[in-house]
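Remarks on the overall topology
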Amino acid sequence: MPAITPADATTLVRLAPVEDAPTRAVQHIADAPSFLEGEGFKVRRATAGIDLALADPFLMLDHMGAVEYAPGEAKGAPDHPHRGFETVTYMLDGKMRHLDSHGGGGVITDGATQWMTAGSGVVHSEMPTQDLLDGGGLFHGFQLWVNLPAAQKWADPRYQDLEAADVGLLASTDAGAVVRLIAGELGGVRGPGDTRTPITYGHATIAPGARLRTAWRSDFNALAYVVSGTGSVGAEARPIHEGQIAVFGPGEALELRAAGSQDARHAAGMDVLLLGGLPIREQIAWYGPFVMNDRQELVQAIEDYQAGRMGRIPPDIARS
């Protein structure tokens, strides 16, 4: 897992202790079921087992891999449209190339992130690079869908290429946990993602037996998805393991702890995605790649795509 990890976590900005802040209890823990997406790659859909009203403004979180592809096996998502929300693709291993009809494009790997605001409509593709397809290799990443409020669903499409070295880095009070901030703010450190919907999105590695405790905006919801390892979450220290997501209730602090004993595959401890955002609380009309506010807007999105009004990826763009 080659996400950015400092050689000495004690040199990082530390999270404030916030011991007296009310700790969020766990409302629900759910397993992430598996689905096939794109050309047939397997994902764990972390948000499939929870009430999406509790996750607002997040629409979906998919865990891609980890899978070791043989030569010729790597798969992706060829040209397809989106409107009304943002896609955030965070890669730990392997390579993913983004291309879109508004000129956005880039390759991410090893802790980098592609952030696409679909807004008023875009056609894009997310495919493994040719060298990964030819030679095979490890592929491991995540895609998060972030809703946009009605007033911003018609914003111009935008693409952000966030390199691994750009993430905000901070540590728990005793440096037993490292947090990589992709977007939002914790402990005075900000992530590089420029968000239209107020959110916090980070990746934490908690050493065996260590605790991560952090202040969390009381007006944000809060979720934690376990990427690997085992541990506990919440004020009541509920057990949690790889492939499970926790939904927290109200409060001003989050608390997570990695189990002291981890199996050999997870010797570094428990890896967790931390997510929170300001709920939009608007009606959602969702059909495949389009997320709008009512049925008529969905019909319009389908018609606009079929008429070519969302553009197309020029055929002469290199896709290797």
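Each remark here, short or long, concerns the structure printed above.
None of the values given here were measured: they were computed from a predicted structure. Each residue is numbered by its place in its chain's sequence as written, counting from 1. Since the coordinates come from a predicted model, pLDDT governs what is reported: local features require at least 70, and pairs of side-chain atoms require 80 or more to be given and counted, while whole-chain, interface and lining totals use all residues. Only hydrogens and water are removed before side-chain values are computed, so all heavy atoms of the structure are retained for them.

**Description of the packing of aromatic side chains**
For Phe, Tyr and Trp, where Trp contributes only its six-membered ring, two rings pair if their centres lie within 6.5 Å, and the inter-plane angle classes them as stacked under 30 degrees, edge-to-face over 60, or tilted in between. A complete count under the given rule lists 4 aromatic pairs for this structure. Each ring, one from Tyr90 and one from Phe142, has its centre 6.1 Å from the other, and the planes form 25°; the classification is stacked. Within this pair, whereas Tyr90 is found in strand 7 (residues 85-93), its partner Phe142 is found in strand 12 (residues 137-147), the two being separated by 52 residues in sequence. Cluster of aromatic residues (ring-pair linked, three or more members): Phe85, Trp145 and Trp286. Note on geometry: a ring has a charge over it if NZ (lysine) or CZ (arginine) is within 6 Å of the ring centre and within 35 degrees of the ring normal. Here Arg45 stacks its cationic end above the ring of Phe35, 4.9 Å away from the centre of that ring. Every helix listed is a DSSP run of H or I at least four residues long, and every strand listed is a run of E at least two residues long, numbered separately from the N terminus.

**Some points on a nonpolar patch on the surface**
A cluster of nonpolar side chains, Leu52, Ile284 and Trp286, forms an exposed patch at the surface whose accessible area comes to about 240 Å². By the secondary structure assignment, Leu52 is in the loop between strand 4 (41-45) and strand 5 (58-69). By relative accessible area, which is 33% here, Leu52 ends up partly exposed. In this analysis, a patch consists of residues with relative accessible area above 30% that form no salt bridge, clustered at 9 Å for like charges and at 5 Å for the nonpolar side chains Val, Leu, Ile, Met, Phe, Trp and Tyr. We get accessible surface area from the Shrake-Rupley algorithm with a probe of 1.4 Å; when it comes to residues, only the shown protein chains can shield them. In what follows, salt bridge is the name for a side-chain nitrogen of Lys or Arg lying within 4 Å of a carboxyl oxygen of Asp or Glu. Relative accessibility thresholds used throughout: buried, under 20% of the residue-type maximum; exposed, over 50%; partly exposed, between the two (1.4 Å probe, protein chains only).

**Details of the pairing of strand 9 (residues 105-109)**
Only one face of strand 9 is covered, namely the face carrying Gly106 and Ile108; the face carrying Gly105, Val107 and Thr109 is uncovered. Examined bridge by bridge, strand 8 (residues 95-100) and strand 9 share 5 bridges and lie antiparallel to one another. Paired with His98 across the bridge in strand 9 is Gly106. We call two strands paired when DSSP finds no fewer than two bridges between them.

**Overview of the pattern of salt bridges**
Scanning the model with the defined rule gives 11 salt bridges in all. Here Asp194 ties to Arg158 by a salt bridge, and the two come within 2.9 Å at their closest N and O atoms. Of this pair, Asp194 sits in the loop between strand 17 (189-190) and strand 18 (199-206) while Arg158 sits in strand 13 (residues 158-162), placing them 36 residues apart in sequence. Salt-bridge contacts for Arg309 lead to Asp304; the nearest nitrogen and oxygen are separated by 2.8 Å. When salt bridges that share partners are traced, they join Glu19, Arg211, Arg213 and Glu255 into one network.

**Quick notes on helix 2 (residues 295-306)**
Here helix 2 spans 17 Å end to end across 12 residues, near enough to the 16 Å set by a 1.5 Å rise per residue. Taken together, the buried positions of helix 2 are Glu297, Leu298, Ala301 and Asp304. Along the long axis of helix 2, the arc covered by the buried residues comes to 125°, so they all point the same way. Residues of helix 2 that are exposed and point more than 90 degrees away from the buried face comprise Arg295, Gln296 and Gln306. The backbone nitrogen of Gln296 has a side-chain oxygen 3.2 Å away, supplied by the residue at the start of helix 2, namely Asp294. Count one or two residues on from helix 2 and you reach Gly308, which has phi positive near 80°. The span expected for a helix works out to 1.5 Å for each residue beyond the first. When we speak of the arc, we mean the arc of directions from the helix axis to the C-beta atoms. Counting of polar contacts relies on pairs of N or O atoms within 3.5 Å, with two restrictions inside protein: one atom must be capable of donating a hydrogen and the other of accepting it, and residues adjacent in sequence are counted only when both atoms are side-chain atoms.

**Looking at the environment of Ala70**
Tracing the sequence through the fold places Ala70 in the loop between strand 5 and strand 6 (77-82). What makes Ala70 partly exposed here is its relative accessible area of 32%. The spacing of Ala70 and Leu133 is 63 residues in sequence and 8.3 Å in space, taken between C-alpha atoms.

**Digging into the sheet that holds strand 2 (residues 26-31)**
In spatial order, the strands read 1-14-15-18-25-20-23-2; together these 8 strands make up an open sheet with mixed pairing. Strands with a single pairing partner mark the edges of an open sheet, and in this sheet they are strand 1 (13-14) and strand 2.

**Quick word on the side chain of Gln262**
Within the secondary structure, Gln262 sits in the loop between strand 24 (253-258) and strand 25 (270-277). On the basis of relative accessibility, which here comes to 16%, the residue Gln262 falls in the buried class. A polar side-chain atom of Gln262 sits 2.8 Å from the main-chain carbonyl oxygen of Thr230. Within the structure, Gln262 has its side chain in polar contact with the backbone oxygen of Ala259 (distance 3.0 Å). Here, two residues are considered to be in contact whenever any of their heavy atoms come within 4.5 Å of each other. Not counting residues up to four positions away in its chain, the partners in contact with Gln262 are Pro208, Gly229, Thr230, Gly269 and Met270.

**As for the nonpolar core**
For this analysis, a nonpolar core means a set of buried residues of the types Ala, Val, Leu, Ile, Met, Phe, Trp, Tyr and Cys, connected via side-chain atoms within 4.5 Å. Ranked by size, the top nonpolar core spans 28 residues in total, and within it Ile206, Leu212, Val233, Phe248, Leu256 and Leu274 carry the most contacts. Residue assignment for this core shows that the elements contributing at least two residues are strand 2, strand 15 (177-183), strand 18, strand 20 (223-228), strand 23 (244-248), strand 24 and strand 25. Non-local contacts of Phe248, meaning those with residues more than four positions away in its chain, are made with Arg24, Ala25, Val26, Gln27, Ala222, Leu223, Ala224, Val233, Gly234 and Leu254.

**What about the pairing of strand 12?**
In terms of residue burial, strand 12 counts as a mostly covered element, since 10 of its 11 residues are buried. Of the strand pairs in this sheet, strand 5 and strand 12 are connected by 10 bridges, and their pairing is antiparallel. Bridging from a neighbouring strand, Met64 pairs with Gly141 of strand 12. Pairing of strand 7 with strand 12, which is carried by 8 bridges, proceeds in the antiparallel orientation. Bridge pairing links Tyr90 to Phe142 in strand 12.

**As for the side chain of Arg213**
Here Arg213 lies in strand 19 (residues 211-215). You can call Arg213 buried: its relative accessible area is 4%. In terms of polar contacts, Arg213 uses its side chain to reach the backbone carbonyl oxygen of Val18, at 3.0 Å. A distance of 2.7 Å separates the side chain of Arg213 from the side chain of Thr23, its partner in a polar contact. Sequence-distant contacts of Arg213, that is, excluding residues within four places in its chain, are made with Leu15, Ala16, Pro17, Val18, Glu19, Ala21, Thr23, Ala253, Leu254 and Glu255.

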